[in-house]
Amino acid sequence: MAARLGDEDGPGSGSGSASHLTSAPAPASAAGGAVSEGSVSDSASEGSGPVAPAPKGSAPKGSAPEGSASAGARTVTLDDVRSAQKTLSGISRLTALEGSRYLSGLVGSPVHFKCENLQRTGSFKLRGGYVRIAGLSPEERAAGVVAASAGNHAQGVALAASLLGVRSTVFMPEGAPLPKIAATRDYGAEVRLCGQIVDETMRAAQEYAERTGAVFIHPFDHPDIIAGQGTVGLEILEQCPEVRTVVVGIGGGGLAAGIAVAVKALRPDVRVVGVQAEGAAAYPPSLAAGRPVTIDAPVTMADGIKVGRPGEVPFRIIEELVDEVRTVTEDELSSALLLCLERAKLVVEPAGASPVAALLSDPKSFEGPVVAVLSGGNVDPLLMQRILRHGMAAAGRYLSLRLRLTDRPGALATLLGVLSTLDANVLDVSHVRTNPRLGLSEAEVELHLETKGTDHCEDVREALRGAGYTVMAEVMV
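Residues numbered from 1 in each chain as written. Predicted model: local features only at pLDDT ≥ 70, side-chain atom pairs only at ≥ 80, totals over all residues. Heavy atoms only, no water.

**Examining the overall build of the protein chain**
- A count of helices and strands for the protein chain gives 16 helices and 15 strands.
- Here the protein chain, with 477 residues, has 57% of them falling under the buried criterion.
- Here the protein chain displays about 19,100 Å² of accessible surface, and carbon together with sulfur accounts for 51% of that area. (Helix = DSSP H or I, 4+ residues; strand = E, 2+ residues; numbered from the N terminus. Buried < 20%, exposed > 50% of the residue type's maximum accessible area, 1.4 Å probe, protein only. Areas by Shrake-Rupley, 256 points an atom, 1.4 Å probe, with all protein chains shown as cover.)

This is how it looks when you write it as structure tokens:
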């Protein structure tokens, strides 16, 4: 069953070039700090045990040297993730693992979707939020919790706090979609609208925590959050023990880090691939620098992974355990969302569709069986409408052209007659006869057509040229 808007425990709303590849670089020092089963070392001098074997063709991973982002702080172990799984028993859903015949055909091996878009609140965020709040002391719970989010984390914290009897306040951007605001309130949180972007909202929430004593629940940069998200990795190994590659979207890094801890501790041979939106890809430069760096003004439709700086705690884990980080374009994201809707009958938000976008962009580069984590399904209906239109254009389902033709009676009817023989459905026509850029006997027509795919689009272009029409430009839908 697909995620639906308004479901009781479901979501509240909530250029096509090849993807670029960025492998997590091997640290400067390979001595010490190795990965032993059940733990990720937190200091280069403390580790012992064998390094998890790197997949074929990738650089081996160790831990970072002393003084780096990887050293000297509490990390996350397999035992932490297993403990989180016990904490979440009866709280989070064991989400479905659904096969995709279409992607399996492209990859040449089985591909499965881990459907966290069907999780309570419509995303994986409940897992980490509940584990974090459940671990608070009675005094901390009495002080309440506060969070900042545009959607998924807000709803996860609101429901988790409500289930645990803790007062919650959630700061959301003033432009947050109304369905997501309403859902967060319905889950029991007091919602405060503040700021235009999440960074401003985050600062307001942190100031509130300092002023009131409420505990700030970070969306990704805390070991308890990462341990909770890591339960997704345990479920993947239980549901698909033959898995060879796990593909997961990365924003701040909490989900990818948690999955990597669980998967690499139990199955070091499994490849973990992270995916970021090209316009909000903070991990590639951070991995190159060996520390979290900030990118200015991230831009992407995938607001769930629109994070300008990696979290310190997840960065250390991703640097050590995630085999590769890829980026995908906006066209690839919208095409992936459309595929999930059309082929899998699953409502997925752009961030949740990022692993699918990576698979579509370079399917033969993944060793199967593959599990792609659909991290969330909370998408505003108006945004969904725009994304689907964009995705259909990227898939060749729409074609918009500007043509020059002779300005004489019947010229437009003749043009439309040519299109009718091509079985191209005309959605909209703009006919301009008076414009300084036109000659005395010229007219310009802008056409928006519904087509059957990229091959059909090319047939339409060729037929129009063959009929003597000059195609001035293709325009955005």
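**Re unusual backbone geometry**
- In this model, G368 is joined to P369 through a cis peptide bond whose omega is -5 degrees.
- Although it is not a glycine, T121 adopts a positive phi angle of roughly 70 degrees.
- Its location among the elements puts T121 in the loop between β3 (111-115) and α3 (125-134).
- You can call T121 buried: its relative accessible area is 0%.
- The backbone of A297 sits at a positive phi, close to 45 degrees, despite the residue not being glycine.
- On the secondary structure map, A297 appears in the loop between α10 (283-289) and α11 (312-321).
- With relative accessibility at 63%, the residue A297 sits in the exposed group.

**Quick notes on the packing of helix α8 (residues 223-239) against helix α9 (residues 254-266)**
- Remark: α8 packs on α9, axes separated minimally by 7 Å, with the N-to-C direction vectors making an angle of 50 degrees. Relative to α9, the element α8 lies oblique. Viewed along their axes, α8 and α9 form a crossing whose handedness is right-handed. In contact with I226, Q229, G230, V232, G233, L234 and L237 of α8, α9 contributes G254, L255, A257, G258, I259, A262, V263 and L266.
- Taken together, the residues of the contact of α8 with α9 sort by class into ten nonpolar, five polar and no charged. (Axes fitted to C-alpha atoms, helices over the stretch in contact; angles between N-to-C directions. Parallel < 35°, antiparallel > 145°, perpendicular 65-115°, else oblique. Left-handed = near helix turned anticlockwise from the far one by under 90°. Contact = heavy atoms within 4.5 Å. Nonpolar A, V, L, I, M, F, W, Y, C, P; charged D, E, K, R; others polar.)

**Let's talk about helix α5 (residues 152-163)**
- Under the 1.5 Å per step criterion, the end-to-end length of α5 is 17 Å for twelve residues, consistent within 8% with the ideal 16 Å.
- The buried fraction of α5 amounts to ten of the twelve residues, a majority that puts the element mostly inside the structure.
- All of the buried residues along α5 are N152, H153, A154, Q155, G156, V157, A158, L159, A160 and A161.
- If you follow the buried residues of α5, they end up packed against α3, β4 (145-148), β5 (168-172) and α6 (178-186).
- Positive backbone phi, at 70 degrees, marks G165, one or two positions downstream of α5. (Expected span 1.5 Å × (residues − 1).)

**As for the pairing of β3**
- The buried count for β3 comes to five of five residues, which makes it a mostly enclosed element.
- Of the two faces of β3, the one lined by V111, F113 and C115 and the one lined by H112 and K114 are each fully buried.
- Taken together, the three bridges between strand β2 (residues 97-99) and β3 define a ladder with antiparallel strand orientation. Within the sheet, the bridge partner assigned to E98 lies in β3 and is F113. (Pairing = 2+ DSSP bridges.)

**Brief notes about helix α7 (residues 198-212)**
- Look at α7: 21 Å from first C-alpha to last across 15 residues, which is about the 21 Å you get at 1.5 Å a residue.
- Against β4, β5, β6 (190-193) and β7 (215-216) lie the buried residues of α7.
- Looking one or two residues past α7, G213 carries a phi angle of roughly 85 degrees, positive in sign.

**Observations regarding the sheet that holds β7**
- The four strands are arranged β6-β5-β4-β7 in an open sheet whose pairing can be described as parallel. Across the chains shown, the open sheet's two edge strands, defined by having one partner strand only, are β6 and β7.
- Note that β4 and β7 share two bridges and pair parallel. Among the inter-strand pairings, V146 is bridged to a residue of β7, identified as F216.

**Observations concerning the packing of helix α12 (residues 330-342) against helix α13 (residues 354-361)**
- Between α12 and α13, the shortest axis-to-axis distance is 8 Å and the interhelical angle comes to 105 degrees. Relative to α13, the element α12 lies roughly perpendicular. Together, E332, L333, S335, A336, L339 and C340 of α12 and S354, V356, A357, L360 and S361 of α13 make up the contact between the two elements.
- When its residues are assigned to classes, the contact of α12 with α13 shows seven nonpolar, three polar and one charged.

**Let's talk about the pattern of salt bridges**
- Throughout the structure, instances matching the rule amount to 17 salt bridges.
- When the shortest N-O distance is used, the salt bridge between K452 and D423 registers 2.4 Å. One end of the pair, K452, is in the loop between β14 (442-450) and α16 (454-466); the other, D423, is in the loop between α15 (411-421) and β13 (425-432), and 29 residues separate them in sequence.
- For K452, a relative accessible area of 57% translates into the label exposed.
- Judged by its relative accessible area of 47%, D423 is partly exposed.
- A network of salt bridges, in which partner residues are shared, links K114, E116, R127 and E235. (Salt bridge = Lys/Arg side-chain N within 4 Å of Asp/Glu carboxyl O.)

**Some points on the environment of G274**
- Within the element layout of this structure, G274 appears in strand β9 (residues 271-277).
- For the pair G274 and G253, spaced 21 residues apart in sequence, the C-alpha to C-alpha distance is 9.0 Å.

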